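A look at the structure
What follows is each chain in one-letter form.
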Amino acid sequence: MELYIFDRELNLQGLVDNFFSLRWTRRYHKTGEFELHTALTSETMELLRRENILWKTDDLEAGCIEHRELTQDNQGKEVLMVRGKFLTNYLGRRIVWGIENLNTTPERVIRVLIDKNCISPDNQDRVIPLLELGELKNYPGSIRLQIGYKNLLEAVENIAETGGLGIRTLLDVQNKKLVFDIYQGLNRIAGQGENPPAIFSREFENIVEQEYFDSLNNYRNLALVAGEGEGVDRELVTVGDGDGLDRYELYVDARDLQSVDENEQPVPPEEYAELLVSRGKSKLAEYKEVQTFDSKINLKNNLRYKEDFNLGDIVTVINKRWGITMDVRITEIEEVYEPGRWEIYCTFGNAVPTLIDKIKQVVR
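Anyway, here's the lowdown on the structure attached to this text. (Residues numbered from 1 in each chain as written. Predicted model: local features only at pLDDT ≥ 70, side-chain atom pairs only at ≥ 80, totals over all residues. Heavy atoms only, no water.)

Before going further, it helps to examine the sheet that holds strand E9 (residues 131–133). What the 3 strands build is an open sheet, ordered E9-E12-E11; its pairing is mixed. Each of the sheet's edge strands pairs with one partner strand only, and the pair in question is E9 and strand E11 (166–172). Each strand axis lies, on average, 30° off the axis of its neighbour in the sheet, ignoring direction. Relative to strand E12 (residues 177–183), E11 is paired through 7 bridges, and the arrangement is antiparallel. By the bridge assignment for E12, Leu 170 is matched with Val 179. Sitting on the sheet, helix H2 (residues 106–119) is in contact with E9 and E12, with an inclination near 150° to E9. (Pairing = 2+ DSSP bridges. Helix = DSSP H or I, 4+ residues; strand = E, 2+ residues; numbered from the N terminus. Axes fitted to C-alpha atoms, helices over the stretch in contact; angles between N-to-C directions. Contact = heavy atoms within 4.5 Å.)

In structure tokens, the structure reads:
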């Protein structure tokens, strides 16, 4: 593995051939991130500038340097630390400019939002250079959505999670392009016949360390969605179900959804109700019950990374001692590189919400 550095126009700037550590975190529904520690020299200071792009040659994605820190330990060793997000994070520099009313598949909704706000916007100053849309895969599903003036990346990530889709921006060095790609992981669970199964278990010796989280702390299964109007005149719909102690209610303020379209024409009542239902489903997707295995993978055993399993695949995870068997998606993979050491950690299932995730749930 080698680390190449490019400028924003994808012109090669140099190579980082020695470093202390690299943490490379891939995510399925969201943009990934990285952190690199290397010796502080005049060359690394020049090469690892903010906004430069770091590409790991065994990966399809690359990261943009957003942050730098210089430190010196008590032995006088000077270290340069840089970190940033994968290139999909460029979408976070845009908002959904205006109000869009969309009724199609989640894949097509994401493509429309990116095209109108990053690739072919009315204002050419909003174009993200080198970005283009990848192949349309025609994944099934449906979503009715009205959205306006929201952060584009957050909107895309939320739609991807609701639709079970993966998002990534592929680096095409040869043609100097950034290709936004929507994809789905493979079904590799035990018992299916379409793909070779991937079964992770301490008993199979392909897991070294394992943690299991089973939590209802952030769980909601029924949403009361309030649309336009004031007081008792507000439009209300209920999404989800549950009764007694199995009913976890959530209030969703959706007054931003308008009952007129971009041409000031009335939206039929049944279509407006569908918009409210879609908003409720989207919010409930942020409040799932958490059942997660965080596992350190044994790379010297029967399953080969990126060949037998990869980010987004649905696999079977077993811990016989704990009495747990799950068919679950790999939602995050963290790769750790240090001299003489390579490790990967997989998150199987919904990740435990971070403080930032919970703040976003409140303010959105």
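Structure shown, so let's carry the discussion forward.
What follows concerns the pattern of salt bridges. Should their charged atoms come close, side chains of opposite charge can pair. Tallied over the full model, the rule gives 32 salt bridges. Across the salt bridge formed by Lys 306 and Asp 59, the nearest N and O atoms sit 3.7 Å from each other. Linking Lys 306 in the loop between strand E18 (290–297) and strand E19 (314–319) with Asp 59 in the loop between strand E5 (53–56) and strand E6 (62–72), this pair joins segments that are 247 residues apart in sequence. For Asp 59, a relative accessible area of 7% puts it in the buried group. (Salt bridge = Lys/Arg side-chain N within 4 Å of Asp/Glu carboxyl O. Buried < 20%, exposed > 50% of the residue type's maximum accessible area, 1.4 Å probe, protein only.)

Bringing the pairing of E5 into the picture now. Of the two faces of E5, both are covered, the one formed by Ile 53 and Trp 55 as well as the one formed by Leu 54 and Lys 56. Here strand E1 (residues 3–6) runs beside E5; their pairing, made up of 4 bridges, is antiparallel. Considered in E5, the bridge of Leu 3 is made with Lys 56. Of the strand pairs in this sheet, E5 and E6 are connected by 3 bridges, and their pairing is antiparallel. Among the inter-strand pairings, Ile 53 is bridged to a residue of E6, identified as Cys 64.

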